[in-house]
Amino acid sequence: MSADSPGGAVLPLLRAGQWYESHDTEPVPGYGTTGPRLSLAPKILIRDDARRLRDRLPALPPLDPQTRVDLLSRAVDLFCDGHVTVTGWGRQGPAEFSAAMLCTTGLPGALVRRWSAMLREHLKELAASADGAVDETALALVSLPANTFTCLESVLEAALTSGAVWIRPSRREPVSSARLVGALIDAGWPPERLGYYPTDPGGLTALIQVTTRQTVYGGDGLAAAAARSDSLDLRGPGRACAIVDAHALADPARTARRIAPLVAADSGRFCSNVCTIVCLGDAGPLVGALGDLLDGISLDPPDHRWPVAHCTVDDGRRTAALIEDGLAAGGRIATQRRLPIVAGETAFLPPTLLHVGDVGHPLIGCELPFPFAVATTADDAGAQSVAERAHFVYTAPFLTHEKGGPR
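Note that the structure is a prediction, hence the values are computed from the model and not measured.

(A) Representation of helix α5 (residues 153-161). A large share of α5 lies buried, amounting to 7 of its 9 residues. Listed as buried for α5 are E153, S154, V155, L156, A158, A159 and L160.

Here's what the structure looks like:
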């Protein structure tokens, strides 16, 4: 696959160890209607494939824990640095992968490289902590998000401990998961132990119903729609917040420098990026200092510290409208650049800071796919109410957090 993938190319399903082009397809984002297309799996096919796989799993040659670690290490090395066969779209090196990610998701090359390195480090941690427990009869599902491909770490975790792993890529970003599947197969992972099942939203319920255990990433809407099961690990919004006490407020410039990367790193795409700042005192000086830092982040060329992804013009306008609607309840935009900044056929959502009156504002806890935060003033009880809804709570000096952990 490359940024100029030929029209007519189709990324197929992987089922029963074989690639299969579905009759139901849709365009891969970023390429237009004449570019490559993504196969979609219907519910009846999912159910039939699961039934056949459950019958077949006990007869497959076992994979011992060390072999799994060795194959996954080889696959992640290929993913990061190698040329990989992405069936339907051909051979893909790191440069082609980076170009495809820029085309589909607006992700700068620096973040593609950073996130690839993070995936490699996560596998090292997994291998070091693995206890060797494998359930050869388990069929694991990993349903991926569009915001960051570091969530592929869940595929690695499932591969270490399960008989088979089915991947449901985000239809907005199928590129990274397709590369990982190709890397796994090129590294020697048995293809019959893998599945690649892009689906519409209704297909997710079918996948949850037929699998043994599930890791599902998504927002509140997905959380409400997904079928519940005792084996479901639903990884939703992080709603990360920073609680700024009086001591930190006394030096707003220093505190702003410490909070800025929590908001802006990784293009604001991680669930651990701060989206709410609660000040136990006057928020004004900190808002001014942090707003200046966010306004200083370069968009094009990408900032060397905190590069920002671009988006489609339509997505940019929808996000801007969502913020404007929220501000009808009060508050102001404390950064200078207005949203979106249109550049030809794409747009940027520049890092944005809002200042609102209280923790009951509708934009408190709002998690958007770019560097975005809302600051307010509250008492201890108000700060606690925000922290209780957050998976990540950062406190001074904002170098560590009190609960949760980056995924």
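(B) Local environment of the pattern of salt bridges. In total, this model carries 15 salt bridges according to the counting rule given. For R114, the salt bridge identified is with D266, shortest N-O distance 2.7 Å. Placement of R114 in helix α4 (residues 109-129) and of D266 in the loop between α10 (252-264) and β14 (274-279) is noted, with a sequence separation of 152 residues between them. R114 gets classed as partly exposed once you look at its relative accessible area, which sits at 41%. A salt bridge links R193 to E136; its shortest N-O distance comes to 3.0 Å. One end of the pair, R193, is in the loop between α6 (175-187) and β10 (194-196); the other, E136, is in strand β8 (residues 135-143), and 57 residues separate them in sequence. Under the relative-accessibility criterion, R193 is labelled buried at 2%. What emerges from the salt-bridge pattern is a single network uniting R15, D49 and R52.

(C) A look at empty space enclosed by the protein. Following the criterion strictly, the structure yields 3 cavities of 30 Å³ or more and no others. Each pocket or cavity is described by its volume, and for the largest cavity that value is around 60 Å³. For the lining of the largest cavity, a count of residues per class yields 8 nonpolar, 2 polar and 1 charged.

(D) Region of the structure containing the packing of α4 against α5. For the pair α4 and α5, interaxial distance at closest approach is 10 Å and the crossing angle is 30 degrees. On the basis of their axis angle, the class for α4 and α5 is roughly parallel. Both α4 and α5 take part in a crossing whose hand is right-handed. Of the residues in α5, those touching α4 at L119, H122, L123 and L126 are E153, L156, E157 and L160. In terms of residue class, the contact of α4 with α5 is made up of 5 nonpolar, 1 polar and 2 charged.

(E) Focus on the packing of aromatic side chains. In total, this model carries 7 aromatic pairs according to the counting rule given. When the centroid spacing of 5.3 Å and the interplanar angle of 65 degrees are considered together, the rings of F79 and F97 count as edge-to-face. Placement of F79 in helix α2 (residues 65-81) and of F97 in helix α3 (residues 94-105) is noted, with a sequence separation of 18 residues between them. The class for F79 is buried, based on a relative accessible area of 1%. A relative accessible area of 2% places F97 in the buried class.

(F) A look at the environment of Q336. The topology assignment puts Q336 in the loop between β16 (332-333) and β17 (341-343). Taking relative accessible area as the criterion, Q336 reaches 61% and is therefore assigned exposed. For the pair formed by Q336 and T352, sequence separation is 16 residues and the distance between their alpha carbons is 8.3 Å.

(G) How the structure looks around the nonpolar core. If you look at the biggest cluster of nonpolar residues, it comprises 54 residues, and the most contacted ones within it are L72, F79, L107, F149, L152, W189 and Y196. The contacts of L72, once residues within four sequence positions are left out, are L123, L156, A159, L160, L184 and W189. Grouped together as the second largest cluster of nonpolar side chains are 34 residues, A256, A283, A375 and F398 included.

(H) Structural view of the sheet that holds strand β5 (residues 37-39). Strand order in the open sheet made by the 3 strands is β1-β5-β4, with mixed pairing throughout. Both outer strands of the open sheet, β1 (10-11) and β4 (25-27), are each paired with one neighbouring strand and no more. As paired strands, β1 and β5 are joined by 2 bridges and run parallel to one another. If you follow V10 over to β5, its bridge partner there is R37.

(I) Inspection of the sheet that holds strand β18 (residues 346-348) at higher detail. Read from one edge to the other, the open sheet built from 3 strands follows the order β15-β18-β17, with strand pairing classed as antiparallel. A strand with exactly one partner marks an edge of an open sheet, and here the two such strands are β15 (310-312) and β17. This sheet shows a mean twist of 40 degrees between the axes of neighbouring strands, independent of strand direction. Pairing analysis gives 3 bridges linking β17 to β18, with the strands arranged antiparallel. The residue bridging I341 from the neighbouring strand is F348, located in β18. Where helix α12 (residues 313-326) meets the sheet, it contacts β15, β17 and β18, and its direction lies at approximately 95 degrees from that of β15.

(J) Molecular detail of unusual backbone geometry. A cis amide bond, omega 10 degrees, links D300 with the succeeding residue P301. Considering the arrangement of structural elements, one finds P301 in the loop between α11 (284-295) and β15. The omega torsion of the bond from L339 to P340 falls at -15 degrees, within 30 degrees of zero and hence cis. The residue P340 is located in the loop between β16 and β17 in this model. Located in the positive-phi region is R239, a residue other than glycine, with phi close to 45 degrees. Along the chain, the position of R239 falls in the loop between β12 (232-235) and β13 (240-244). Within the chain, S267 stands out as a residue other than glycine whose phi angle is a positive 55 degrees. Structurally, S267 can be placed in the loop between α10 and β14. With relative accessibility at 1%, the residue S267 sits in the buried group.

Conventions we followed
- Residues numbered from 1 in each chain as written.
- Predicted model: local features only at pLDDT ≥ 70, side-chain atom pairs only at ≥ 80, totals over all residues.
- Heavy atoms only, no water.
- Buried < 20%, exposed > 50% of the residue type's maximum accessible area, 1.4 Å probe, protein only.
- Helix = DSSP H or I, 4+ residues; strand = E, 2+ residues; numbered from the N terminus.
- Salt bridge = Lys/Arg side-chain N within 4 Å of Asp/Glu carboxyl O.
- 1 Å grid on protein atoms, 1.4 Å probe; cavity = no way out; pocket = protein on both sides within 12 Å on 5 of 7 lines; lining within 4 Å.
- Points joined across faces, edges and corners; volume = space filled by probe spheres on them.
- Nonpolar A, V, L, I, M, F, W, Y, C, P; charged D, E, K, R; others polar.
- Axes fitted to C-alpha atoms, helices over the stretch in contact; angles between N-to-C directions.
- Parallel < 35°, antiparallel > 145°, perpendicular 65-115°, else oblique.
- Left-handed = near helix turned anticlockwise from the far one by under 90°.
- Contact = heavy atoms within 4.5 Å.
- Phe/Tyr/Trp six-rings, centres within 6.5 Å; stacked < 30°, edge-to-face > 60°.
- Core = buried A, V, L, I, M, F, W, Y, C linked by side-chain atoms within 4.5 Å.
- Pairing = 2+ DSSP bridges.

From the geometry alone we can't say anything about function, so treat these as descriptive.
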